[in-house]
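Below are the chains, spelled out letter by letter.
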Amino acid sequence: NASLKTAHTTLTGGNWTLVLPTNVQRTYLCIQNNVDAHSIEIGFGMDTVPPSNGGLHLVGTPVGNQSMDSTFQFSVAPINAVWCKSADTHDHIIHVVYDD
């Protein structure tokens, strides 16, 4: 009985951006990168400290393309903080679907 929420999160200038804080109740997470053709990196860690090493890479697609290549649905949702950063230095919007 999950109640899904969606968020449009802006990743700023190639820096790690906190997408979701730690939540032990989380059971679903999907990240979609279909607003920009640049790839993003997804990392995990604590609420106040960005990841210190690399994470998962998710390709980007041009605006509006609904390709599954630009979507990552976690088979087991991480309960720790979720961070993302873009592969380039301009702001970058991603879509997040979750059930915190």
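Being a predicted model, the structure only gives us computed values, none of them experimental.

1. Focus on the sheet that holds strand 5 (residues 56-58)
Inference 1: Across the sheet, which stays open at both edges, the four strands sit in the order 2-7-4-5 with antiparallel pairing between neighbours. At either end of the open sheet lies a strand with only one pairing partner, and these are strand 2 (17-20) and strand 5. Neighbour to neighbour, the strand axes of the sheet diverge by 35° on average, direction disregarded.
Inference 2: When strand 2 meets strand 7 (residues 81-86), the two strands line up antiparallel, connected through three bridges. Pairing of Leu18 across the sheet is with Trp83, part of strand 7.

2. Concerning the environment of Phe72
Inference 1: Here Phe72 lies in strand 6 (residues 71-73).
Inference 2: Placed 28 residues apart in sequence, Phe72 and Phe44 show a C-alpha to C-alpha distance of 15 Å.
Inference 3: Dropping the residues within four chain positions of it, Phe72 is found in contact with Leu29, Cys30, Ile31, Leu56 and Leu58.

3. Focus on a nonpolar patch on the surface
Inference 1: Judged by side-chain polarity, Phe44, Leu56 and Phe72 come together as a nonpolar surface patch covering roughly 220 Å² of accessible area.
Inference 2: The residue Phe44 is located in strand 4 (residues 40-45) in this model.

4. Observations regarding the pattern of salt bridges
Inference 1: Under the definition given, this model contains one salt bridge.
Inference 2: The partner of Arg26 in a salt bridge is Asp100, and the shortest N-O contact between them spans 2.7 Å. Of this pair, Arg26 sits in the loop between strand 2 and strand 3 (29-32) while Asp100 sits in the segment after strand 8 (92-98), and the two are 74 residues apart along the sequence.
Inference 3: The partly exposed category is assigned to Asp100, whose relative accessible area is 24%.

5. Quick look at the side chain of Asn23
Inference 1: Note that Asn23 resides in the loop between strand 2 and strand 3.
Inference 2: A polar contact of 2.7 Å, which involves the side chain of Asn23, links it to the backbone nitrogen of Gln25.
Inference 3: Leaving out residues up to four positions away in the same chain, Asn23 has contacts with Ile79 and Asp100.

6. Quick word on the sheet that holds strand 1 (residues 5-11)
Inference 1: Here we have four strands laid out as an open sheet, ordered 1-8-3-6, and antiparallel in their pairing. Bordering the open sheet on either side are strand 1 and strand 6, each of which pairs with just one other strand. Averaged over all adjacent pairs, the angle separating strand axes in this sheet is 20°, with direction ignored.
Inference 2: Sheet topology note: the strand 1/strand 8 ladder contains seven bridges and is antiparallel. Looking at the pairing, Thr10 lines up with Ile93 of strand 8.

Rules and cut-offs
- Residues numbered from 1 in each chain as written.
- Predicted model: local features only at pLDDT ≥ 70, side-chain atom pairs only at ≥ 80, totals over all residues.
- Heavy atoms only, no water.
- Pairing = 2+ DSSP bridges.
- Helix = DSSP H or I, 4+ residues; strand = E, 2+ residues; numbered from the N terminus.
- Axes fitted to C-alpha atoms, helices over the stretch in contact; angles between N-to-C directions.
- Contact = heavy atoms within 4.5 Å.
- Patch = residues over 30% accessible without salt bridge, like charges linked within 9 Å, V, L, I, M, F, W, Y side chains within 5 Å.
- Areas by Shrake-Rupley, 256 points an atom, 1.4 Å probe, with all protein chains shown as cover.
- Salt bridge = Lys/Arg side-chain N within 4 Å of Asp/Glu carboxyl O.
- Buried < 20%, exposed > 50% of the residue type's maximum accessible area, 1.4 Å probe, protein only.
- Polar contact = N/O pair within 3.5 Å; in protein donor to acceptor, adjacent residues only side chain to side chain.

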